[in-house]
Amino acid sequence: MTIERLPLERTFSGTIELAPGVADSGVAITNTLNGFNAGGGRQDNQFFYDGVNVTNPFYADQFQDFAELDIQEVSITRAGLTPEYGRTGGFIVNGVTKSGTNTLHGDARVEYSPSSLSANSKDPNNTAQLDRWRPGVGIGGPILPDRVFFYGSTNFFQQKATNVFNNFNLGGAPNPLPESDLDIHEYFGKLTATPTSSQLLEASYRYRTASQSNAGIMPTDAASTAVDTKELDRIIVGSWFWTASSRLNLEAKYNHNENHGGATPVLALGVQPPFDPNHPELDGYFAVGNGTSIGGASLATNRDDFRRSEYRFTTSYLGGFFGASHDIRAGATFSDNREDLLRISNGWGAVALTKSRSHCGIANDSVCYKANFKPAQPPQISKAETIGLFAQDQMTWKSLTINAGVLVNRDHYIPRGGYFIFESGGYTIPNDVPIPACGAGVTAPACTYRDTLTFPFSKQWQPRIGIAYEVDSGAHDKLYANFARYDNLDNQSIARAAAPFSLLHEVAYLDRVTGQVIGVPVSSNQQDKRILPGLDPTYTDEYLVGYARPLGRGFSIEAWGMYRRTTDIIEDFAANGNDPASPNPSDFRYGNIPGYRKYRALTVEVRRTSADNRWTADLSYTLSRLEGNWDLDYSTSLFYASSYIQDGPGLLTTDPLRNGILTGDRTHVAKLFASYSLTTNTTLGGYLRFQSGLPWQAQVFDPSYQVPGQYAERAGSRRLSSWTNLDLLLAQTIPIGGVVTFRLEGRLLNVFNTQPPLSVDPVLYGDPENTIPNPDFAHATSYAPPRRFLLTGLLSF
């Protein structure tokens, strides 16, 4: 189905809506994508660009988005991946960019969405009027006819938020906030060459920047807590394809991706200035109480940079033997990934009043200031290297096709500035490696470190087997089944999370009257993390069975069922159960925990395309269930291998209340895409979606960290209301002369202005002792976006 005939967002991420059963959480962020779920976790999906992996290597819910103007086609694979496409516990989407041809061609587009044509949001906590402007130009053509071609584009996105208010006054008059500007600039260039009839060369470069002013203000925070954000993305892709013979093809690809992100506070407070107890708002991000905060943002430096360099080589051979035709493919990949993380607190970081005899003493009624801060320090550097080897054979005998293969991976983690500690010990620190509290060249029980963690090939065998059978040769139908195992380690956050010497996070207690430091106790979960022997990689087993059949008159139907189970979950946990009476309750280990996730789904899809392609329709319905005892909070940045799960009493996967329906479950997802082209060059398009609401459960403060992560009832006991959304498109194409046309397009999103709650506050009590009822319990914390209108003009030649 042609994307331009549908009312989708004109971005790469907008095309993902086309996938049956893929639910949308409504969380669409300009530089990340963490809202889509397809029977896995939000960090299980993978995003490809001209066949190369552009997913964030450490936290797979982030990737480089780009304008739809550059997209030639999109393919989305939900299940049944063959070995050459790698490993994922979610879905894979691949966007193919446009290329130059022998004919000069191009598009110039302007999209405008004024706030005056948008409805008001129902969200009382944070409102704004948004004016959006998206111009773009793309041109392709020949450099040397029949030999060398070019394509280039520039795309911009500007958004201005005015009349911004939040709920800082807690139910009083709306609190005005400063205007916020978001600017995105994209530049793309691509060269294609055919030096001989048997060779194809491609090289492309994408450069993208995004900046936003006055961002990060929480619904009940003062305007002074804002930050200015900046992001820079680069993608370099090079490929060579050689048709060596009518049977043999060779292909080599290289890609280098960079994602540089950072934020600076609008109100800079310096690094740990002399503490003024009379004006704590000048010393950090100060929690006044009742959920409100004043002062400056908690971080003065917040920089997180990622890099991926990947090499891929594939060969394919077409042959005929044993009575069958064979498409044999084999290849290898090598990926070198890195994260540079630096966080230094603004002032004293997060500051609040606390009452504690052990930390504050008996003066001032045992009340003092508590400051959580990150001191000045060097960045934490984490690296990961992955090798993948695959082989597969697609064998076809008349009506039967068997696709069998295997993928094996080796993952090698190298945390610089901090080293893994193994229970067995016996390793010596190299002389040139500074280790806190150990020194250079020291061999001692306290310094038994090793510099890497490796999951070898022997632990990551991933077989794939698929069978397809044509039952009715007259109808050309297909009955198919598939089994696949995927190791969920493309998300390589463990390289940072398991480093025993991570970025320092300290807690200071300061006198309420004088502001003098009373003490700085050792913070938990900072040092001495150990990897337990026999650690196994997390994996997902997938079973798929389906049937597809043409029905005549342009109709076709497909029905398929899928089952996935994810086990061998990796997490950090306290060796002593985080028992406060233990000599070292924060002595953390990394190992496999008794967690699991299970997904079952049945999808039915009916498609229709008329003979003249004048009207098309695609109707799909997915009935599914996502359950287990291992769930990550989709509203935070918690990542695999490092969360509150399993850290102590109240947070254990063995708690019976954690065994239930998980956050990403959407029991019902129905989608209808339709378009119709009139003889007057008028196009009508529509997208209707229905999906179940988010499951949730009441939660209380746990006894370990005193964070509201302990379940007070079974997981998924409650569910938000369902979400029905209708988007419409009306477009008129006007011939100007020759091959030049002008297209005027209007898109009305959320026609009925349905704005159901998308998330709620699940916390029953407002204090760590679980005694004071939380007045905001079950109140909505976010809503579906309101109705808005977008007007687009597109000049094509």
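No experiment lies behind these values; they were computed from the predicted model shown.

1. Side note on the overall build of the protein
Step number 1: Looking only at helices and strands, one finds 2 helices and 48 strands in the protein.
Step number 2: The buried share of the protein, taken over its 797 residues, is 52%.
Step number 3: Long-range pairs, those at least 24 residues apart, make up 71% of the contacts in the protein with a sequence separation of at least 6.
Step number 4: Entry remark: accessible area of the protein is about 33,300 Å², with carbon and sulfur atoms responsible for 59%.

2. Concerning the side chain of N155
Step number 1: Positionally, N155 belongs in strand β9 (residues 148-166).
Step number 2: A relative accessible area of 3% places N155 in the buried class.
Step number 3: Residues contacting N155, with those up to four places away along its chain left out, are A67, L69, D70, P135, G136, I184, H185 and E186.

3. Looking at the state of the cysteines
Step number 1: As enumerated under the stated definition, the model contains 1 disulfide in all.
Step number 2: The side chain of C360 participates in a disulfide bridge whose partner is C368; the two sulfur atoms lie 2.0 Å from each other. In this structure the cystine formed by C360 and C368 twists about its S-S bond by roughly -60°; its chirality is therefore left-handed.

4. Here we look at the pairing of strand β34 (residues 588-593)
Step number 1: A large share of β34 lies buried, amounting to 5 of its 6 residues.
Step number 2: Of the strand pairs in this sheet, strand β30 (residues 530-531) and β34 are connected by 2 bridges, and their pairing is parallel. The residue of β34 that forms the bridge with R530 is R589.
Step number 3: By the bridge criterion, 6 bridges tie strand β33 (residues 569-574) to β34 in an arrangement that is antiparallel. In the strand pairing of β34, F573 is matched with R589.

5. Some remarks on the pairing of strand β32 (residues 555-567)
Step number 1: Here strand β31 (residues 539-552) runs beside β32; their pairing, made up of 13 bridges, is antiparallel. When the sheet's bridge partners are listed, P550 is paired in β32 with S556.
Step number 2: Remark: 2 residues form the turn of the hairpin made by β31 and β32, two consecutive strands paired antiparallel; R553 in that turn has positive phi of roughly 60°.
Step number 3: Note: β32 against strand β35 (residues 597-609), 12 bridges, orientation antiparallel. Bridge pairing in β35 places M562 opposite A601.

6. Re the sheet that holds strand β6 (residues 92-97)
Step number 1: An order of β4-β3-β6-β5 is seen for the 4 strands of this open sheet, with the pairing classed as mixed. Of all strands in the sheet, those with a lone pairing partner are β4 (52-53) and β5 (71-77), marking the two edges.
Step number 2: Relative to β6, strand β3 (residues 46-49) runs parallel, the two being bridged by 4 bridges. Along β6, the bridge assignment pairs F47 with V93.

7. Brief notes about the environment of I235
Step number 1: With respect to the secondary-structure elements, I235 resides in strand β13 (residues 227-243).
Step number 2: Residue I235 is classed as buried on the basis of its relative accessible area, which comes to 1%.
Step number 3: Between the alpha carbons of I235 and F188 there is a distance of 9.3 Å; along the sequence they are 47 residues apart.
Step number 4: Once residues lying within four places of it in the same chain are set aside, the contact partners of I235 are Y49, V54, Q64, S204, Y205, R206, H256 and N257.

8. Examining the nonpolar core
Step number 1: By size, the foremost hydrophobic cluster in this structure holds 19 residues, and its most contacted members are F12, I16, V22, F47, Y49 and F91.
Step number 2: The contacts of V22, once residues within four sequence positions are left out, are I16, F36, N37, A38, R78, F91, V669 and K671.

9. Thoughts on unusual backbone geometry
Step number 1: Located in the positive-phi region is N163, a residue other than glycine, with phi close to 50°.
Step number 2: Counting through the fold element by element, N163 comes out in strand β9.
Step number 3: Using a relative accessible area of 48% as the deciding quantity, one classes N163 as partly exposed.
Step number 4: Despite not being glycine, N770 shows a phi value in the positive range, around 55°.
Step number 5: Summarising the element assignment, N770 is placed in the loop between β46 (757-760) and β47 (780-783).

10. Some details on the sheet that holds strand β29 (residues 517-519)
Step number 1: One open sheet holds the 6 strands; their spatial order is β16-β15-β19-β20-β28-β29, and the pairing between them is mixed. Each of the sheet's edge strands pairs with one partner strand only, and the pair in question is β16 (292-295) and β29. Neighbour-to-neighbour, the strand axes of this sheet turn through a mean angle of 40°, independent of strand direction.
Step number 2: Bridge count for strand β28 (residues 506-511) against β29 is 2 bridges, and the pairing is antiparallel. Within the sheet, the bridge partner assigned to Y509 lies in β29 and is G519.

Criteria and thresholds
- Residues numbered from 1 in each chain as written.
- Predicted model: local features only at pLDDT ≥ 70, side-chain atom pairs only at ≥ 80, totals over all residues.
- Heavy atoms only, no water.
- Helix = DSSP H or I, 4+ residues; strand = E, 2+ residues; numbered from the N terminus.
- Buried < 20%, exposed > 50% of the residue type's maximum accessible area, 1.4 Å probe, protein only.
- Contact = heavy atoms within 4.5 Å.
- Areas by Shrake-Rupley, 256 points an atom, 1.4 Å probe, with all protein chains shown as cover.
- Disulfide = S-S within 2.5 Å.
- Pairing = 2+ DSSP bridges.
- Core = buried A, V, L, I, M, F, W, Y, C linked by side-chain atoms within 4.5 Å.
- Axes fitted to C-alpha atoms, helices over the stretch in contact; angles between N-to-C directions.

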